[in-house]
Amino acid sequence: MKRVVMKFGGTSVGNGEHIRHVASLISNHLNKDYQMVVVISALKRVTDKLIEASKEAKSGNRDHVHKLLQKTTKKHVAAARNAIKNKQIRDEVEQTLKTILDELEKVLTGIIYLGELTPKSKDYVLSFGERMSTLIVWGALRDLGLNVQYFTGKDAGIVTDSNFGEARPLIKVTLHEVKQKVEPLLEKGIIPVVTGYIAANQDGEITTLGRGGSDYTATIIAAALEADEVWIWTDVDGLMTSDPKIVPSTKVISELSFQEAIELAIFGAKAMHPKALEPAMEKEVPVRIRNTFNPQSLGTLIVKEQKIKAKDVVKGTTIIKNLALINISGAGMVGTPGTAAKVFDMLGKNNINVLMISQSASEANISFILHRDGLERAVSTLEIALLGSGLIREVTAEDDVCVVAVVGAGMKGTPGVAARLFGAIARKGLNVRMIAQGSSELNISFVVKETDGEKAVRAIHEEFKL
Amino acid sequence: MRIILIGYGVVGQSLTQIFTQRRAELIKNYGFHPRVVAIVDRRGAAVNPKGLNLEKTLSLKAERNTVAAHHERGHPGMSALNVIENVDAETIVEATPTNIKDGEPGLSHIKTALKTGKHVVTTNKGPLALALPVLTELANYNKAYLKFSGTVGGGTPVLDLAKRCLMGDRILSIRGILNGTTNYILTEMDGRHITFEEALNNAQKLGYAEANPSMDVDGLDAACKLVIMANWIMNKRVTLKDVSIQGIRNVTLQALKEAAKRDCTIKLIGSINEKLKVAPTEISKQDPLCVGGVLNAVTFVSEFAGEETIVGRGAGGMETASAILRDLLDIKQNLATRLMS
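Just so you know, these numbers come straight off a predicted model, no measurement behind them.

Focus on the overall build of chain A
Phase 1: Of the regular secondary structure elements, chain A holds 14 helices and 17 strands.
Phase 2: A globule of 466 residues ought to have a C-alpha radius of gyration of about 23 Å, and chain A, at 25 Å, matches this closely.
Phase 3: Judged by the C-alpha coordinates and their principal axes, chain A covers about 75 × 55 × 40 Å.
Phase 4: The burial tally for chain A puts 55% of its 466 residues in the buried class.
Phase 5: A total of about 20100 Å² of accessible surface is found on chain A, and carbon and sulfur atoms cover 50% of it.

Spelled out as structure tokens, the structure:
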């Protein structure tokens with residue numbers, strides 16, 4: 001008996017046909033002696049519509065809210081009709097959907113009257129997406145004769161703090177509660193179907209888990225049940241060695257470590273949010289990323305530690321665009337303790353987020369990377385604060401750079417990786433503006449002109465035969 | 001520092017000239033790197049978040065009479081309020097013409113800027129004369145600086161002398177010649193024995209007086225400056241309607257002759273004691289206040305330091321622009337301290 005937590009993303013449950021397909025996927029595994037928990041995201045684009053509706057409600061646009069409600073109703077009713085064949089089950093689901101949608105309408109009307117949208121009420125509005133999608137999947141599974149039970153994240157026992165919009169679980173409480181509430185069902189052969197993304201604080205008020213939402217729900221439940229694996233069903237075959245739009249020959253990474261996955265995620269690969277990997281990493285539950293529409297493929301497996309083969313030192317490479325580089329220079333910084341601290345403290349206090357930093361040993365200049373849309377404000381703030389202080393002479397900026405990140409645990413302790421990497425870049429005639437490598441040696445990131453970014457990724461792909 | 005410049009007349013253009021001519025010096029000596037991210041004139045705006053090329057905007061203004069004609073950065077018809085609300089900047093410089101009826105459009109420009117957290121440097125007397133207490137409260141509440149050195153004395157640091165150099169002392173009263181145009185007219189009448197009309201005519205020919213000289217000769221300009229000084233220096237919460245105002249239209253050659261016999265002359269004097277007053281007043285030719293031509297002069301009577309008189313040119317594009325620059329440098333230094341603390 002294998003215990004698996006499966007999460008299906010918004011595209012996987014995009015419409016009624018897809019939901020039916022998902023239900024049969026689940027049903028197939030049941031026959032293979034699996035214990036399963038199913039976690040469901042909102043239907044594709046529904047969360048965006050709910051955000052829109054809550055904003056429109058806040059601005060008092062009654063008509064627009066009404067239209068969005070109608071669209072949402074139509075979408076879910078259609079999905080239920082296509083996903084569920086049995087009339088009795090379908091009627092029951094439709095009836096419940098109507099009750100839920102009535103509640104949503106009331107909430108939005110309340111927001112229209114108050115003209116106020118607090119993070120708490122916004123979370124409440126957003127929770128409707130998963131409540132409705134999960135209900136439909138629950139119906140589709142019953143339609144196939146499966147023994148299922150519907151849970152909201154709150155009912156399943158996920159307890160969070162009250163940081164609405166980006167709530168963190170009280171992890172010990174949550175693991176305990178989820179185990180108590182969900183495990184007995186598995187023993188009885190029942191499949192719990194759980195809303196992703198939503199939870200509740202200790203007073204029972206609805207919260208959402210923020211970025212990484214439904215994946216996070218899945219890994220929390222897997223950790224609580226000490227599951228054998230978490231399967232994240234999505235619309236791609238797994239984590240790729242690079243962006244297929246840049247490198248046509250890009251391949252699925254069959255196996256990598258949690259650390260590598262986190263590095264890739266931080267550097268913008270279409271992967272899981274690092275936060276969502278935490279519970280699985282903690283309890284050493286392997287995570288598999290699979291394609292709903294290509295279930296034969298085994299996808300990418302993320303495990304605690306992976307045997308490193310000599311030839312694959314580099315796992316993948318990603319590119320982050322829309323960045324800018326700022327360079328501050330001046331002899332005044334040389335040997336002045338605390339200069340860098342002052343600079344970055346000041347930037348932090350002014351909400352300017354820095355992605356990458358490098359300072360030469362001469363200390364005469366510091367370069368760093370930030371998002372392009374904050375460039376002008378950052379330059380102006382730095383000039384106002386630092387020019388004329390004797391510390392720096394000038395602030396210069398380049399707004400056409402990108403970061404290329406190369407990730408792989410095999411780089412650790414393998415001499416000559418950097419030489420191979422930058423040799424390959426140099427042979428293409430690309431100029432590297434900045435380099436950073438953490439002492440973990442898990443990743444090397446460097447900065448090139450934005451127009452050179454894709455060429456650099458292709459060069460790395462070639463060199464390391466990804 | 002990112003700056004939005006509202007109003008691109010003589011003063012605004014002079015300011016951008018100083019920025020282009022003194023660029024290296026401003027960075028080296030004051031750590032001040034002005035980036036003018038938007039300029040608005042009567043016909044539209046030019047906007048560049050990285051900073052406009054000021055040589056280009058100056059030549060556009062000279063040749064096409066509007067910065068909105070900028071082929072890639074121009075926005076014909078774009079309003080100042082739109083720019084203030086939507087363009088990111090630390091500071092706006094408000095240099096539109098003075099209107100003492102309702103202070104507009106300058107008043108709205110300043111209010112909007114303060115509400116959006118932008119610091120304000122202005123040379124526009126109208127909004128200040130009508131609503132300085134209001135604007136001060138708004139600035140404090142939004143933690144923004146409101147500076148207006150250029151409104152009194154042009155480039156001559158009249159306000160700063162009183163506010164900074166006499167710090168700690170108590171200023172008991174102020175009197176001064178606050179309007180260059182009227183001072184020129186009175187000096188001409190007295191020295192060359194010509195009538196008010198003739199002298200006014202000369203002043204208009206020389207560009208010292210406007211076609212409609214009412215603001216100057218009826219004492220309104222001097223009264224505005226008096227209100228600003230009373231609020232800023234002496235903490236009196238007063239506006240233009242609290243000033244008793246009399247212009248120079250009725251000053252006769254006869255009266256000047258009579259005064260001359262006593263080694264005196266008649267000047268348009270603005271004074272702050274218990275009351276605020278602008279009126280033609282006889283003063284001794286030996287009084288340090290007694291300056292000729294277009295000069296301005298202000299005497300502060302302080303409790304400990306006694307009397308101090310500051311004399312200088314009270315108007316002019318470059319002169320007033322230099323006052324704006326002082327205010328901008330002051331804001332930059334204050335912000336630097338705030339940022340690094």
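Focus on empty space enclosed by the protein
All names here are of chain A.
Phase 1: Here the structure, examined in full by the defined rule, presents two cavities of 30 Å³ or more.
Phase 2: Put simply, the largest cavity is a space of about 50 Å³.
Phase 3: Residue lining of the largest cavity: Lys49, Leu50, Ala53, Val65, Leu68, Leu69, Thr72, Leu104 and Leu108, and that is the complete set.
Phase 4: Where the lining of the largest cavity is concerned, the elements lending two or more residues are helix H2 (46–58), helix H3 (62–83) and helix H4 (87–114).
Phase 5: For the lining of the largest cavity, the element with the highest residue contribution is H3, accounting for four residues.
Phase 6: A class-by-class count of the residues in the lining of the largest cavity yields seven nonpolar, one polar and one charged.

Details of the sheet that holds strand E5 (residues 91–94) of chain B
Residue and element names in this part refer to chain B.
Phase 1: With mixed pairing, the seven strands of this open sheet are ordered in space as E4-E3-E2-E1-E5-E6-E7. Unpaired on one side and paired on the other, strand E4 (74–76) and strand E7 (146–147) mark the two borders of the sheet.
Phase 2: Bridging between strand E2 (residues 35–41) and strand E3 (residues 44–47) involves four bridges; their strand directions are antiparallel. The residue of E3 that forms the bridge with Asp41 is Gly44.
Phase 3: Where helix H1 (residues 10–21) meets the sheet, it contacts strand E1 (2–6), E2 and E5, and its direction lies at approximately 150 degrees from that of E1.
Phase 4: Against the sheet, helix H5 (residues 106–115) engages E1, E5, strand E6 (119–122) and E7, with an angle of about 170 degrees to E5.

Looking at the sheet that holds strand E11 (residues 300–303) of chain A
Residues and elements named next belong to chain A.
Phase 1: Across the sheet, which stays open at both edges, the eight strands sit in the order E3-E5-E2-E1-E8-E10-E11-E9 with mixed pairing between neighbours. One side of each edge strand has no neighbouring strand; the edge strands of this open sheet are strand E3 (148–151) and strand E9 (255–257). Pairs of neighbouring strands in the sheet enclose a mean axial angle of 20 degrees, with direction left out of account.
Phase 2: In the sheet, strand E1 (residues 2–8) pairs with strand E2 (residues 34–40) via seven bridges, with the strands oriented parallel. In the strand pairing of E2, Phe8 is matched with Ile40.

Re the domain arrangement of chain A
As a measure of interface size, the accessible area lost when the parts come together is often cited.
Residues and elements named next belong to chain A.
Phase 1: One can read the domain layout of chain A as domain 1 (2–303) and domain 2 (316–463).
Phase 2: Centre-to-centre, using C-alpha coordinates, domain 1 lies 37 Å away from domain 2.
Phase 3: With both chains or domains summed, domain 1 and domain 2 bury close to 1300 Å², and 69% of this area falls on carbon and sulfur atoms.
Phase 4: Where domain 1 touches domain 2, the interface holds zero salt bridges.
Phase 5: Counting across the interface, domain 1 meets domain 2 through six residue pairs in polar contact (both at pLDDT 80 or more).
Phase 6: A per-class count over the side of domain 1 that touches domain 2 returns five nonpolar, five polar and two charged.

Here we look at the pairing of strand E5 (residues 191–195) of chain A
Residue and element names in this part refer to chain A.
Phase 1: Most of E5 is tucked away: five of the five residues are buried.
Phase 2: Burial along E5 is two-sided: Ile191, Val193 and Thr195 facing one way and Pro192 and Val194 facing the other are all buried.
Phase 3: In the sheet, E2 pairs with E5 via three bridges, with the strands oriented parallel. The residue bridging Ile40 from the neighbouring strand is Thr195, located in E5.
Phase 4: Looking at chain direction, E3 and E5 are connected through four bridges and run parallel. Directly across from Tyr150, in E5, lies its bridge partner Val193.

Some points on the side chain of Lys61(B)
All names here are of chain B.
Phase 1: For Lys61, the location among the structural elements is in helix H3 (residues 54–64).
Phase 2: You can call Lys61 buried: its relative accessible area is 13%.
Phase 3: Those residues in contact with Lys61 that sit more than four places away from it in its chain are Tyr8, Gln13, Asp41 and Thr66.

Observations regarding the domain arrangement of chain B
All names here are of chain B.
Phase 1: Taken domain by domain, chain B consists of domain 1 (2–155 + 318–340) and domain 2 (158–313).
Phase 2: Here domain 1 and domain 2 have C-alpha centroids that lie 28 Å from each other.
Phase 3: In this assembly, domain 1 packs against domain 2 so that about 1700 Å² is buried in total across both faces, 71% of it on carbon and sulfur atoms.
Phase 4: The largest per-residue losses of area from domain 1 upon contact with domain 2 belong to Ile100, Ala129 and Val152, which jointly make up 34% of the total buried on that side.
Phase 5: For the pair domain 1 and domain 2, the number of links is three salt bridges.
Phase 6: Between Asp330 and Arg164 there is a salt bridge whose closest N-O contact spans 2.8 Å.
Phase 7: One can count four residue pairs in polar contact (both at pLDDT 80 or more) joining domain 1 with domain 2.
Phase 8: Elements supplying a minimum of two residues to the side of domain 1 that touches domain 2: helix H6 (125–141) and helix H13 (317–340).
Phase 9: Top element by residues in the side of domain 1 that touches domain 2 is H6. It accounts for six residues.
Phase 10: Looking at the side of domain 1 that touches domain 2 residue by residue, the classes come out as eight nonpolar, six polar and five charged.

Cut-offs applied
Residues numbered from 1 in each chain as written. Chains lettered and ligands numbered in written order. Predicted model: local features only at pLDDT ≥ 70, side-chain atom pairs only at ≥ 80, totals over all residues. Heavy atoms only, no water. Helix = DSSP H or I, 4+ residues; strand = E, 2+ residues; numbered from the N terminus. Rg over C-alpha atoms; globule rule 2.2 N^0.38 Å. Buried < 20%, exposed > 50% of the residue type's maximum accessible area, 1.4 Å probe, protein only. Areas by Shrake-Rupley, 256 points an atom, 1.4 Å probe, with all protein chains shown as cover. 1 Å grid on protein atoms, 1.4 Å probe; cavity = no way out; pocket = protein on both sides within 12 Å on 5 of 7 lines; lining within 4 Å. Points joined across faces, edges and corners; volume = space filled by probe spheres on them. Nonpolar A, V, L, I, M, F, W, Y, C, P; charged D, E, K, R; others polar. Pairing = 2+ DSSP bridges. Contact = heavy atoms within 4.5 Å. Axes fitted to C-alpha atoms, helices over the stretch in contact; angles between N-to-C directions. Domains from an automatic or database assignment. Buried area = accessible area lost by both parts, 1.4 Å probe. Salt bridge = Lys/Arg side-chain N within 4 Å of Asp/Glu carboxyl O. Polar contact = N/O pair within 3.5 Å; in protein donor to acceptor, adjacent residues only side chain to side chain.

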